Amino acid sequence: MDHVANLKGRHICLLGGDRRELKLVCTLIDSGAKVSCYGVPGDGLRPEAIVAESAEQACRGANVVVLPLSGTDSNGNVKVASKPICITRELLSVLSPNAILFSGTVPRFLAAESESLGIRTVETTANDELAILNSIPSAEGAILMAMQATPFTIHNSNCLVLGLGRTGLTLARMLQGIGAHVWAAARKGKDRARAFEMGLSPLDFADLSSCLPQIDIVFNTVPALVLDRALTYTMKRTAVIIDLASAPGGVDFVAASERGIHAELAPGLPGRVAPITAGQIVSKVLPEMIAAELARDEWER
Ligand code: NAP
């Protein structure tokens, strides 16, 4: 049986989410926490969870507030929620003193507002355990999208993975397992060395223009513009681009469309293609993270 974090006596508030949060609510309740929710899907929610009438009611007095992995936009609007939620200074000020906010990513203004109120923020996507486990449904989802967008097999096709971080590495390995010829672009020598060790064809970003003309499918995992207009124009018109990186992605979609290349941004793959597994991943890692951050807080005070 998995270790259960001890969150006895803690009040945890969940704002927004999808089916993944239903599993998380169960685990948090099993860990002894009082759980209040707003904007979490109601169907299948544990009866012990307090379903609030408003985000403010859910947050009042909470020690911890948890936002989904997709986090908020730059204005504080929670991206995935069954009801609109905007994280404002007023909302944060009803949390318990020294509360902790967990969110996939934390935009600058939210970090600043939180800090000024004495609220610590934790970016959940920075957690390697969570990100590596999540890379499995993400890579499967990206391959599914590529299969749907191509009239040929992935096997024996020329695939390029941009970025060899937690997601890129898993994706490259899976593509290799299906029998694709896989090129992997990374800016660090150590990552290109790892690609070489894995039997991939390593590539520096500076050499993309010479590699791209032969590529059938590009998978981008770099959250910066790496496939720009000029590079897009070196690609075959029949090529497909699947961009996994967080919005706005790393691809010039306008140039791709002009060139007639099928290019798709692929957000939130774990929740879309494997919500049960994705829910298990979040509920395995997040309660431990919350317990560790609360313990750290107590130790520091
Ligand atoms: P990661 O481990 O941080 O990997 C990111 C990779 O991008 C690293 O190899 C990094 O290289 C590289 N990189 C960053 N900036 C670069 C730049 N300017 N030029 C060249 N390379 C650069 O992140 P991850 O967990 O794999 O996630 C990658 C992206 O996918 C993120 O945007 C994440 O939000 C997104 N994501 C999306 C889904 C989905 O469902 N669509 C699922 C999971 C993750 P260095 O090590 O050299 O910095």
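This text goes with the structure placed above it.
A brief look at the structure comes next. Computed from a predicted model, the values in this text were never measured in an experiment.

**Observations concerning the nonpolar core**
Next, step 1: Within the largest apolar cluster, 30 residues are counted, with the highest numbers of intra-cluster contacts made by I12, L14 and I290.
Next, step 2: Among the secondary structure elements, those contributing two or more residues to this core are β1 (11-15), α1 (19-30), β2 (34-38), β4 (64-66), β5 (100-103) and α12 (275-300).
Next, step 3: It is α12 that provides the largest number of residues to this core, a total of eight residues.
Next, step 4: Setting aside residues no more than four positions away along its own chain, L14 makes contact with E21, L24, V25, L28, V35, S36, C37, Y38, V40 and V66.
Next, step 5: By size, the runner-up hydrophobic cluster in this structure holds 26 residues, among which are M145, L175, L200 and F219.

**Thoughts on the pattern of salt bridges**
Next, step 1: In the structure shown here, the tally under the stated rule is 14 salt bridges.
Next, step 2: Between R46 and D30 there is a salt bridge; the shortest N-O distance is 3.1 Å. You can see R46 sitting in the loop between β2 and β3 (50-51) and its partner D30 sitting in helix α1, a full 16 residues away along the chain.
Next, step 3: On the basis of relative accessible area, D30 is assigned to the exposed category, the value being 52%.
Next, step 4: Residues joined in a network through salt bridges with shared partners are D30, R46 and E48.

**Focus: the site of the ligand**
Next, step 1: Taken together, 20 residues are adjacent to the ligand, and T167, R187, K188, A266 and L269 come closest.
Next, step 2: Here K188 contributes a side-chain N or O atom positioned 2.8 Å from an oxygen atom of the ligand.
Next, step 3: A distance of 2.9 Å is found between an oxygen atom of the ligand and a side-chain nitrogen or oxygen belonging to S246.
Next, step 4: Taken by itself the ligand offers 920 Å² of open surface, and the protein chains cover 74% of this.
Next, step 5: At a threshold of 2 Å from the grid points, most atoms of the ligand map onto the largest pocket.

**What to know about empty space enclosed by the protein**
Next, step 1: Here the structure, examined in full by the defined rule, presents one cavity of 30 Å³ or more.
Next, step 2: Of the voids in this model, the largest cavity is the one considered here, and its volume is about 50 Å³.
Next, step 3: Taken together, E21, L24, V66, L67, P68, L69, F102, S103, T124, V282 and L286 form the lining of the largest cavity.
Next, step 4: Elements that contribute at least two residues to the lining of the largest cavity include exactly α1, β5 and α12.
Next, step 5: Its residues placed into classes, the lining of the largest cavity shows eight nonpolar, two polar and one charged.

**Some words on the sheet that holds strand β12 (residues 262-265)**
Next, step 1: If you trace the six strands from one edge of the open sheet to the other, you get β9-β8-β7-β10-β11-β12, paired in parallel fashion. Two strands lie at the open edges of the sheet, namely β9 (201-203) and β12, each paired on one side alone. Averaged over all pairs of adjacent strands, the angle between strand axes in this sheet comes to 15 degrees, irrespective of strand direction.
Next, step 2: Sheet topology places strand β8 (residues 181-185) next to β9; three bridges connect them, and they run parallel. In the strand pairing of β9, A184 is matched with P202.
Next, step 3: This element, helix α6 (residues 166-178), spans β7 (158-162), β8 and β10 (217-220) of the sheet and lies at about 170 degrees to β7.

**Let's talk about the packing of α1 against α12**
Next, step 1: α12 packs onto α1 with a crossing angle of 40 degrees between their chain directions and a minimal axis gap of 8 Å. Considered as vectors, α1 and α12 are oriented oblique to each other. Considering the relative orientation of α1 and α12, their crossing is right-handed. On α12, the residues that touch R19, R20, K23, L24, T27 and L28 of α1 are P275, I276, A278, G279, Q280, V282, S283, L286, P287 and I290.

Thresholds applied
Residues numbered from 1 in each chain as written. Predicted model: local features only at pLDDT ≥ 70, side-chain atom pairs only at ≥ 80, totals over all residues. Heavy atoms only, no water. Core = buried A, V, L, I, M, F, W, Y, C linked by side-chain atoms within 4.5 Å. Buried < 20%, exposed > 50% of the residue type's maximum accessible area, 1.4 Å probe, protein only. Helix = DSSP H or I, 4+ residues; strand = E, 2+ residues; numbered from the N terminus. Contact = heavy atoms within 4.5 Å. Salt bridge = Lys/Arg side-chain N within 4 Å of Asp/Glu carboxyl O. Near = heavy atom within 4 Å. Polar contact = N/O pair within 3.5 Å; in protein donor to acceptor, adjacent residues only side chain to side chain. Areas by Shrake-Rupley, 256 points an atom, 1.4 Å probe, with all protein chains shown as cover. 1 Å grid on protein atoms, 1.4 Å probe; cavity = no way out; pocket = protein on both sides within 12 Å on 5 of 7 lines; lining within 4 Å. Sits in = over half its atoms within 2 Å of the grid points. Points joined across faces, edges and corners; volume = space filled by probe spheres on them. Nonpolar A, V, L, I, M, F, W, Y, C, P; charged D, E, K, R; others polar. Pairing = 2+ DSSP bridges. Axes fitted to C-alpha atoms, helices over the stretch in contact; angles between N-to-C directions. Parallel < 35°, antiparallel > 145°, perpendicular 65-115°, else oblique. Left-handed = near helix turned anticlockwise from the far one by under 90°.

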